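# Coordinate analysis (summary)
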Amino acid sequence: NVTALDISKRRLAVLKDNLKRTNLKASAVRADALKWEPRHQFDAILLDAPCTATGTCRRHPDVLHRIGPRQIAEMVEIQRALVERAASWLKTGGVLVYAVCFLEAEEGEDQARWINQARGLSPKPITADEIPPGLQPTKEGWLRTHPGMLREEGGLDGFFVGRWGKELRYDAEHNR
């Protein structure tokens, strides 16, 4: 069972069209993830976080001229709030995948380090056998792509992807 959550009516319409075209199913929910409350916890969450989209510069070169430090800082705060919400929705043993189409470290690697330190999640490194040929995970187990990679296959946008698991924690007081 897949639940797709987005605040954008336009993006949900694209999602529904894609689901129909691919003959896949998902429950589409239009809501603000910072306010929405799920009815149950999830086994896995893909947080395709809102970002400044500098990774799309191959297709949208203007993005590099309209994004500055203020916009980046604002996105970092929103992303952190979304990670905290998503982590609270995960079942024990669940997996969180965080992805952004951003080229700089603030919204990618820096966020991953923050998640490692503060969110009660354990890194689950991405391995080379899980990603397409021609790409390699970083030494930390993250995936970083750049425009121009896999050019012969049509090229890529710049993306950052990291993965974490929610582990069972021992609570002596409640014996779990």
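For the structure, see preceding data.
Residues numbered from 1 in each chain as written. Predicted model: local features only at pLDDT ≥ 70, side-chain atom pairs only at ≥ 80, totals over all residues. Heavy atoms only, no water.

### Let's talk about the side chain of glutamine 79
Structurally, glutamine 79 can be placed in helix H3 (residues 69-89). Separated by 3.1 Å, the side chains of glutamine 79 and tyrosine 98 make a polar contact. Discounting residues that sit within four places of it in the chain, glutamine 79 has contacts with Ala49, Pro50, Cys51, Tyr98, Val100, Glu107 and Gln111. (Helix = DSSP H or I, 4+ residues; strand = E, 2+ residues; numbered from the N terminus. Polar contact = N/O pair within 3.5 Å; in protein donor to acceptor, adjacent residues only side chain to side chain. Contact = heavy atoms within 4.5 Å.)

### Side note on the nonpolar core
Counting 29 residues, the largest nonpolar core has Leu96 and Tyr98 as the members making the most contacts within it. Counting residues per element, the ones that place at least two in this core are strand E3 (42-48), H3, strand E4 (90-100), helix H4 (109-118) and strand E7 (159-165). The dominant element in this core, judged by the number of residues it contributes, is H3, at seven residues. Look past the residues within four positions of leucine 96 in its chain and what remains in contact with it is Ile45, Leu47, Val83, Ala86, Leu90, Leu121, Gly162, Arg163 and Trp164. Membership of the second largest hydrophobic core comes to seven residues, among which are Ala99, Leu143, Leu150 and Val161. (Core = buried A, V, L, I, M, F, W, Y, C linked by side-chain atoms within 4.5 Å. Buried < 20%, exposed > 50% of the residue type's maximum accessible area, 1.4 Å probe, protein only.)

### A closer look at the pattern of salt bridges
Side-chain pairs of opposite charge can arise whenever the charged atoms involved come near each other. Under the defined criterion, the tally for this structure stands at eight salt bridges. Arginine 70 is paired through a salt bridge with glutamate 74; the nearest N and O atoms lie 3.1 Å apart. Here arginine 70 pairs with glutamate 74, and both are found in helix H3, just four residues apart, close to one helical turn. Taking the relative accessible area as the measure of exposure, glutamate 74 reaches 41% and is therefore partly exposed. A salt bridge links glutamate 140 to lysine 139, with the shortest nitrogen-to-oxygen separation between them at 3.2 Å. Judged by its relative accessible area of 81%, lysine 139 falls in the exposed class. (Salt bridge = Lys/Arg side-chain N within 4 Å of Asp/Glu carboxyl O.)

### Some words on the packing of aromatic side chains
Throughout the structure, instances matching the rule amount to four aromatic pairs. Of the aromatic side chains, those joined through ring pairs into one cluster are Trp36, Phe42 and Trp89. (Phe/Tyr/Trp six-rings, centres within 6.5 Å; stacked < 30°, edge-to-face > 60°.)

### Side note on the environment of leucine 12
Within the secondary structure, leucine 12 sits in helix H1 (residues 9-22). Leucine 12 gets classed as buried once you look at its relative accessible area, which sits at 7%. Along the sequence, leucine 12 and alanine 28 sit 16 residues apart, while their C-alpha atoms lie 6.9 Å from each other.

### Quick look at the pairing of strand E2 (residues 27-30)
Where strand E1 (residues 3-6) lies against E2, four bridges are found, and the strand directions are parallel. Paired with aspartate 6 across the bridge in E2 is arginine 30. In the classification by handedness, the crossover that spans E1, the intervening H1 and the parallel E2 is right-handed. (Pairing = 2+ DSSP bridges. Right-handed = clockwise from strand over helix to strand, strands pointing away.)

### Looking at H3
In this model, H3 (21 residues) spans 31 Å end to end at C-alpha, consistent with the 30 Å of a helix rising 1.5 Å per residue. Here H3 has its buried residues at Ile72, Met75, Val76, Gln79, Leu82, Val83, Arg85, Ala86, Ala87 and Trp89. (Expected span 1.5 Å × (residues − 1).)

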